[in-house]
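Fold and contact review
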Amino acid sequence: MSRSKGRFAIIVLDGLGIGEAPDQAAYGDQGSDTLGNVARAVGGLRLPYLESLGLGCCRPIAGMRCAKPKAAYGVALPRSAGKDSTTGHWELCEVILEEPFPTYPRGFPDEVIAEFERRTGRGVLGNKPASGTAIIDEYGQQHLETGKWIVYTSADSVFQVAAHEGKVPLDDLYAACRAAREFLRGTHAVSRVIARPFLGYSRHFTRTANRRDFSVDPVRSTLLDRLAEAGVPRVGVGKVDDLFAGRSITSRHTPTNRDAYRMIAEELGTMDSGFLFANVIEFDQSWGHRNDIPGFHEGLYELDAALPRLVELLRAADIMILTADHGNDPTTPSTDHSRESVPILAVGPRVSPVPLGIRDTFADIGATAAEYFGLAPVAGSPFLREIAPWAML
């Protein structure tokens with residue numbers, strides 16, 4: 001059994017990287033610095049609450065001071081091979097991958113497409129790396145005329161299937177993605193199959209909020225599995241359940257950051273004890289992938305305004321960590337994820353606001369959560385003793 005004294009929350013600000021990682025160049029991401037480059041692009045960030053927590057102490061950010069932070073602060077480096085959401089979230093939960101998931105810069109092999117067509121009874125359009133909004137503009141009208149799936153990928157390990165909700169019922173799209181997930185294993189075990197429904201008409205297509213992710217099963221026991229075995233309650237907000245193939249967590253989904261903050265507040269207002277795991281999606285999905293610097297900047301203001309309420313809901317024995325899973329720099333030509341370090345801000349009424357330095361792996365965060373609940377870490381080096389020595393008792 002675990003020792004359970006309160007609530008521990010990990011809030012993943014999807015795509016909110018904080019700059020250089022030692023192997024950035026190997027991923028084609030040299031110079032990517034999501035927070036730093038956005039700050040420079042807008043003439044400096046004015047985020048008073050995040051500044052008070054210590055975001056400007058994690059790494060230098062234009063417009064952000066480092067003075068008397070209220071949170072423990074630092075950065076974590078990625079150790080797993082890869083830079084997608086599944087890889088990042090798994091590493092946060094103590095699963096470090098030595099080999100990356102497969103990617104398809106030239107599109108999927110003929111045998112993969114043929115098998116997908118055979119299993120779903122529909123043909124395929126596209127089959128190439130593309131922006132999700134660009135490819136529905138390119139093939140949306142042809143899809144409406146033929147009923148064929150729009151299949152595409154990116155620099156990440158994803159098999160994405162787009163269909164118009166007026167042409168293909170959502171249940172049929174989800175069933176097709178489940179069929180793809182069933183056979184995309186072994187050599188072609190992409191990290192995620194993603195349903196990408198859209199609406200509209202030629203040159204005015206828009207993606208809807210009914211996206212669904214179908215992740216590959218975690219390759220070994222995760223922090224979530226071990227918490228479940230120990231009887232620790234687990235609550236999810238956002239796509240975290242999808243990223244773990246629904247294993248050991250259920251989650252409420254939302255396509256917007258605003259709703260995610262509301263849901264996190266609701267959970268903090270009702271949870272007696274346990275682990276809260278949340279993904280806040282729009283820094284990645286809405287602004288990073290679309291190179292939308294103004295949207296990203298506005299999203300940071302929204303985060304800064306939402307955080308005081310979330311921190312106010314923390315009880316004496318609670319710890320909340322704000323972090324990310326990778327970068328997604330909207331200032332670079334790429335519209336894909338970037339290999340970056342991520343911020344760590346650990347806050348709570350009794351958390352010591354100490355520097356945490358540069359951590360060797362995201363898994364240090366999961367290891368800290370494990371130790372909080374009395375479990376031995378299986379990867380990473382916990383920092384619970386530094387930020388909350390009282391929790392070790």
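Shown above is the structure to which this text applies.
The model shown is predicted, which means the values in this text are computed figures rather than measured ones.

Here's the deal with the overall build of the protein
- In terms of regular secondary structure, the protein is built from 14 helices and 14 strands.
- For 393 residues, the compact-globule estimate of 2.2 N^0.38 gives 21 Å, and the C-alpha radius of gyration of the protein, at 21 Å, lies within 12% of that figure.
- In terms of overall dimensions, the protein has C-alpha extents of about 60 × 50 × 40 Å along its principal axes.
- For the protein, with 393 residues in total, the buried portion stands at 62%.
- Restricting the contact set of the protein to residue pairs at least 6 apart, pairs at least 24 apart contribute 68%.
- For the protein, the accessible area works out to roughly 14700 Å², and carbon and sulfur atoms hold 50% of it.
- For the protein, the separation between the mean place of its 42 positive charges and that of its 49 negative charges on side chains is 3 Å.

Considering helix H13 (residues 363-372)
- The buried count for H13 comes to 10 of 10 residues, which makes it a mostly enclosed element.
- For H13, the complete set of buried residues consists of Ala363, Asp364, Ile365, Gly366, Ala367, Thr368, Ala369, Ala370, Glu371 and Tyr372.
- Phi turns positive one or two residues past the end of H13, at Gly374, with a value near 80°.

Here we look at the sheet that holds strand S2 (residues 72-76)
- Pairing is mixed across the open sheet formed by eight strands, whose spatial order is S10-S9-S11-S1-S12-S13-S2-S14. Because the sheet does not close on itself, it has two edges, and the strands there are strand S10 (251-252) and strand S14 (355-359).
- As paired strands, strand S12 (residues 319-323) and strand S13 (residues 342-347) are joined by three bridges and run antiparallel to one another. Residue pairing in the sheet places Met320 in a bridge with Val347 of S13.

Rules behind the numbers
Residues numbered from 1 in each chain as written. Predicted model: local features only at pLDDT ≥ 70, side-chain atom pairs only at ≥ 80, totals over all residues. Heavy atoms only, no water. Helix = DSSP H or I, 4+ residues; strand = E, 2+ residues; numbered from the N terminus. Rg over C-alpha atoms; globule rule 2.2 N^0.38 Å. Buried < 20%, exposed > 50% of the residue type's maximum accessible area, 1.4 Å probe, protein only. Contact = heavy atoms within 4.5 Å. Areas by Shrake-Rupley, 256 points an atom, 1.4 Å probe, with all protein chains shown as cover. Lys, Arg positive; Asp, Glu negative; His and termini not counted. Charge placed at Lys NZ, Arg CZ, Asp CG, Glu CD. Pairing = 2+ DSSP bridges.

The values are spatial; any link to function lies outside them.
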